[in-house]
Amino acid sequence: QSTWGHSTPMLRAVRLRVAGGGIAVAAAAAALRAAQSVRCASAAAASEVVSFHRRVLPLPSIQFSSPEGRAVFRETLAEGNLDGSYFALAEHFSTQSDPSFCGLTTLAMSLNALGVDPRRIWKGPWRWYTEELLDCCAPTESVRSRGISFREFIGYAECQDLNVVAVQGGTPEFLEERFRRTLQSVSSASNMSGGSIGAVLVCSYSRAVLGQTGDGHFSPIAAYNSKRDLALVMDVARFKYPPHWVPVPRLFDAMRPLDSATGEARGYFLLSYSSRGKCPLRTPPRETFHQHDRERSNANTHVHGPQCKH
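Here the structure is a predicted model, which is why all the values come from computation and not from measurement.

Engineer: So, the pairing of strand β6 (residues 216-225): which residues are in play, and what are the values?
Structural biologist: In terms of residue burial, β6 counts as a mostly covered element, since nine of its ten residues are buried. Once β6 ends, the chain turns through four residues before running back antiparallel as strand β7 (residues 230-233), passing aspartate 229 with a positive phi of about 60°.

Engineer: Outline the layout of surface pockets, supporting the account with residue identities and numerical values.
Structural biologist: Taken as a whole, the largest pocket encloses approximately 510 Å³ of empty space. Around the largest pocket, the lining is made up of 27 residues, and of these Cys102, Arg146, Gly147, Gly216 and His217 lie nearest the centre. Only α6 (150-159) and β6 provide two or more residues apiece to the lining of the largest pocket. Considering each element in turn, the lining of the largest pocket owes the most residues, three residues, to β6. Each residue belonging to the lining of the largest pocket can be placed in one class, and the counts come to nine nonpolar, ten polar and eight charged.

Engineer: Tell me about the packing of aromatic side chains, and please be specific about residues and values.
Structural biologist: If you walk through the whole model with that rule in mind, you get ten aromatic pairs. With a centroid separation of 5.7 Å and 85° between ring planes, the pair formed by phenylalanine 64 and phenylalanine 73 is classed as edge-to-face. Phenylalanine 64 gets classed as partly exposed once you look at its relative accessible area, which sits at 23%. Through successive ring pairs, a cluster of aromatic residues spans Phe64, Phe73, Tyr86 and Phe87. One cation-aromatic arrangement involves arginine 55 over phenylalanine 52; the distance from NZ or CZ to the ring centre is 4.1 Å. A cation over an aromatic ring shows up here: arginine 238 above the ring of phenylalanine 93, its NZ or CZ 4.2 Å from the ring centre.

Engineer: I'd like to hear about the environment of valine 143, residue by residue, with values.
Structural biologist: Tracing the backbone through its elements, the reader meets valine 143 in helix α5 (residues 140-146). Spatially, the C-alpha atom of valine 143 lies 9.9 Å from that of cysteine 102, the residues being 41 residues apart in sequence. In this structure, valine 143 is in contact with Ser100, Phe101, Leu104, Ile148 and Tyr156, ignoring residues within four places of it in sequence.

Engineer: Can you break down the nonpolar core residue by residue, with the values?
Structural biologist: The tendency in soluble globular proteins is for nonpolar side chains to be buried as a group. Among the nonpolar cores identified, the biggest contains 42 residues, and Leu107, Leu134, Phe153, Tyr156, Leu162, Phe269 and Leu271 are the most heavily contacted of them. Only α3 (86-91), α4 (102-113), α6, β2 (162-168), β5 (199-206), β6, β7 and β9 (267-273) provide two or more residues apiece to this core. When residues of this core are assigned to their parent elements, the largest contribution, seven residues, is made by α4. Setting aside anything within four residues of it in sequence, one finds leucine 107 in contact with Leu134, Phe153, Tyr156, Ala157, Leu162 and Leu271. By size, the runner-up hydrophobic cluster in this structure holds 21 residues, among which are Ala199, Cys203, Tyr224 and Ala231.

The rules behind the values
Residues numbered from 1 in each chain as written. Predicted model: local features only at pLDDT ≥ 70, side-chain atom pairs only at ≥ 80, totals over all residues. Heavy atoms only, no water. Buried < 20%, exposed > 50% of the residue type's maximum accessible area, 1.4 Å probe, protein only. Helix = DSSP H or I, 4+ residues; strand = E, 2+ residues; numbered from the N terminus. Pairing = 2+ DSSP bridges. 1 Å grid on protein atoms, 1.4 Å probe; cavity = no way out; pocket = protein on both sides within 12 Å on 5 of 7 lines; lining within 4 Å. Points joined across faces, edges and corners; volume = space filled by probe spheres on them. Nonpolar A, V, L, I, M, F, W, Y, C, P; charged D, E, K, R; others polar. Phe/Tyr/Trp six-rings, centres within 6.5 Å; stacked < 30°, edge-to-face > 60°. Lys NZ or Arg CZ within 6 Å of the ring centre and 35° of its normal. Contact = heavy atoms within 4.5 Å. Core = buried A, V, L, I, M, F, W, Y, C linked by side-chain atoms within 4.5 Å.

The following block contains the structure:
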């Protein structure tokens, strides 16, 4: 017979196969729902991880690329206060590769802006300052865990043959007008000689005083607007805040608070180049590299030839 109630053996076999298929489909659907549940749970857990994409720059700082920031830039250019260290620092503006590397990145950026030869290979045939090359005082991994202090910054800079004039909060030399004069000097054409800058100004300051999140930070200062009394902070933590103009009195006050890790005040540094070669780890001597460059040139070995993979 051909009815379901009175089926033939063949139809009964078909019904069994259909029923079995239904069980398999139901099992697959249950497995799919379970997998979806796991994915949803994983997504929920991931959404609980705290992360940030930049921060809103608080007042009174002025974002460099904002309409007002551009107006300040034009005024500063007209004043001649971009004729000093600004363009060299802008050419070598770097973003710190680790949240604790603000000191190392600031120093590497300053060294490149000053045109200092590291006398060590970076990659390929190139000698160039990056954070990992600044390991003469301590392994970079130790800096990654704690950053560097005001005094340690001096040591790192001197190890790279820099002259360092350090002015720390709480000392007789730490005067706002003196800081302003230094800022004016490095920002003007008087800081230029033979197409190169003579000095870079770096500040070690507390972000909290500027209304920013976090606390201790290092960054180079690239320009000064005398009309509005603003300093241009080339913030190396560009993932957090963009370059910005800061009122000089506020920036000066931000250098006063004590570093909670060392109990010492912050301050500022005037970095210039010296060839005295203080650090024995910076070998071979500069002349060795220069002789090597001359030999390559005499042998018609071109740095930018096909063998170069830059």
